[in-house]
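In case you want the letters, here they are:
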Amino acid sequence: MDPKGEKGFWKNAWHWFKAFSFGIFIDKRMAVVRKEAFDEYDNLLLLLYSDFLGIPNPISYYMLELLPYLAEEIEPWERRIQNRKFIVAEKAAQYDFD
Amino acid sequence: MSENQQKQFVFFGGKGGTGKTTCAGAFALKKAKEGYKTLVVSTDPAHSLADAYGIRIGSEIVSLTYNLWGLEVDAELEARKYMKGIQDQMLNIVSAAIVEEIKKQLEIAYMSPGAEEAAIFDKFIEIMEMVGKAYDLIVFDTAPTGHTLRLLTLPEILGAWIDHLIDRHEKARKLMKMSARYDEILKKKLEDDPIIRILHKRKEKFSFGRDIMTNGDLTEFFFVLNAEKMPIMETERAIAMLKKFSIPVGGVVVNKIIPEEAGPFFEKRRSAQEDYLEDIKHRFGEYRIAEIPMLESDIQGMVQMEQVAHILRNL
């Protein structure tokens, strides 16, 4: 971006305006969707690997072949899922009450 | 085969100790003699097929006689191979540190109940795919009833489970995509989807197994029982179960029937046996019934197996 000249000023202003409105109108909303998406993924992992948490799973043996693709996500997922304490608070946290 | 076309998959099941292996072995021998290229597979964790033939059989296919091959499935070995495959695959994708972390999980799953059944089922499908190419007919000598029924009903149950997983995955993915609208890195990550690919492949395998097992033109299930109360009851329950999962039942083999020349000591048992035989005819009348008398010695080795094969000629 060229900082000198009038053209540069408007370009700069447009850029900041875009970033500002993205932050105000979109990013926060997207965060809700993203949170929901990650929650959904956590649930999927729970269905796949519940036996890691001690819940019997009829299909665990076959789901091991998915492990190579999910390996990186397993550890943080385990930590998250074991730390779940209060589902309602967790759900409420994604809505902006302030 | 006394009726319609030649089956490709024949299962022998029944209560423990009734003589499943002998019947399966003899039946396979008979088929081999008739000119079909036959593979006899034992899936019972306690293998006795090799003892029945008097020939060493292992987890690799060996030739037994002309047109006849044998295999004893080693569930533990199969499970280990499967785990090894996953570990190798994993090394290609993620770092070694994570592999170490995951190894623990693999061990847990390996010990979990059902792992052996799953491994055997995998092998089942692998073997079934061989029919038509290398073999005309495969005879399965299965484990005692409960174990086998669980195995055979596996695809039905797991198929539904996988469907559910695919739905879930698609839902999660849709949300992910939505949230990735302004996130280029996440977008790139979402482009390739190996998970759904693998789930679908699994599903296909299950439905392949199920299609074959419920196809009356391809598959037949035989129960081996003795003319005694408990085996009859168990067989009846097992047949009801197979019917529920629409697996075709071909007939029953009544084994170890005490012959007349057994002498006075067996007189009482023999008269009770008459009643049970009547009962069997009454209960399983809609299926084919073969009767094998108790022989002078236990059945072992090719020569005696051929004797039994001759008795089973009408099955």
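Just so it is clear, the model here is predicted, and its values are computed rather than measured.

Each value, and the rule that gives it
Residues numbered from 1 in each chain as written. Chains lettered and ligands numbered in written order. Predicted model: local features only at pLDDT ≥ 70, side-chain atom pairs only at ≥ 80, totals over all residues. Heavy atoms only, no water. Buried < 20%, exposed > 50% of the residue type's maximum accessible area, 1.4 Å probe, protein only. Helix = DSSP H or I, 4+ residues; strand = E, 2+ residues; numbered from the N terminus. Pairing = 2+ DSSP bridges. 1 Å grid on protein atoms, 1.4 Å probe; cavity = no way out; pocket = protein on both sides within 12 Å on 5 of 7 lines; lining within 4 Å. Points joined across faces, edges and corners; volume = space filled by probe spheres on them. Nonpolar A, V, L, I, M, F, W, Y, C, P; charged D, E, K, R; others polar. pLDDT = per-residue confidence, 0-100.

A.B. asks: Describe the pairing of strand E1 (residues 9-14) of chain B, and please don't skip the residues or the numbers.
C.D. replies: A regular strand places its side chains so that they alternate between the two faces of the sheet. Residue and element names in this part refer to chain B. Within E1, 6 of the 6 residues are buried, leaving the element largely enclosed by the surrounding structure. The two faces of E1 match: Phe-9, Phe-11 and Gly-13 on one face and Val-10, Phe-12 and Gly-14 on the other face are all buried. For E1 and strand E5 (residues 137-141), the ladder comprises 4 bridges, and the chain directions are parallel. The residue of E5 that forms the bridge with Phe-11 is Phe-140.

A.B. asks: Describe the layout of surface pockets, and please don't skip the residues or the numbers.
C.D. replies: Approximately 770 Å³ is the volume attributed to the largest pocket. What lines the largest pocket is a set of 28 residues, and nearest its centre among them are A:Tyr41, A:Leu70, A:Glu73, B:Met176 and B:Lys189. Looking at the lining of the largest pocket, the elements with two or more residues in it are helix H1 (5-49) and helix H3 (67-82) of chain A together with helix H6 (145-179), helix H7 (184-191) and helix H8 (194-213) of chain B. In terms of residue count, the dominant contributor to the lining of the largest pocket is H3(A) (8 residues). In terms of residue class, the lining of the largest pocket is made up of 15 nonpolar, 1 polar and 12 charged. Roughly 460 Å³ of internal volume is contained in the second largest pocket. If you trace the second largest pocket, you find 25 residues lining it, with B:Gly17, B:Gly19, B:Thr22, B:Lys256 and B:Ile299 closest to the centre. Only helix H1 (20-33), helix H2 (49-53), strand E7 (249-257) and strand E8 (288-293) of chain B provide two or more residues apiece to the lining of the second largest pocket. When grouped by side-chain class, the residues that make up the lining of the second largest pocket number 8 nonpolar, 11 polar and 6 charged.

A.B. asks: A description of the confidence of the model for chain B should follow, citing residues and the corresponding values.
C.D. replies: Residue and element names in this part refer to chain B. With 97% of its residues at a pLDDT of 70 or more, chain B has an overall mean of 83. Mean pLDDT values for the elements of chain B range from 73 in H7 up to 91 in strand E2 (residues 38-42). Predicted complex, confidence summary: ipTM 0.72, pTM 0.77.

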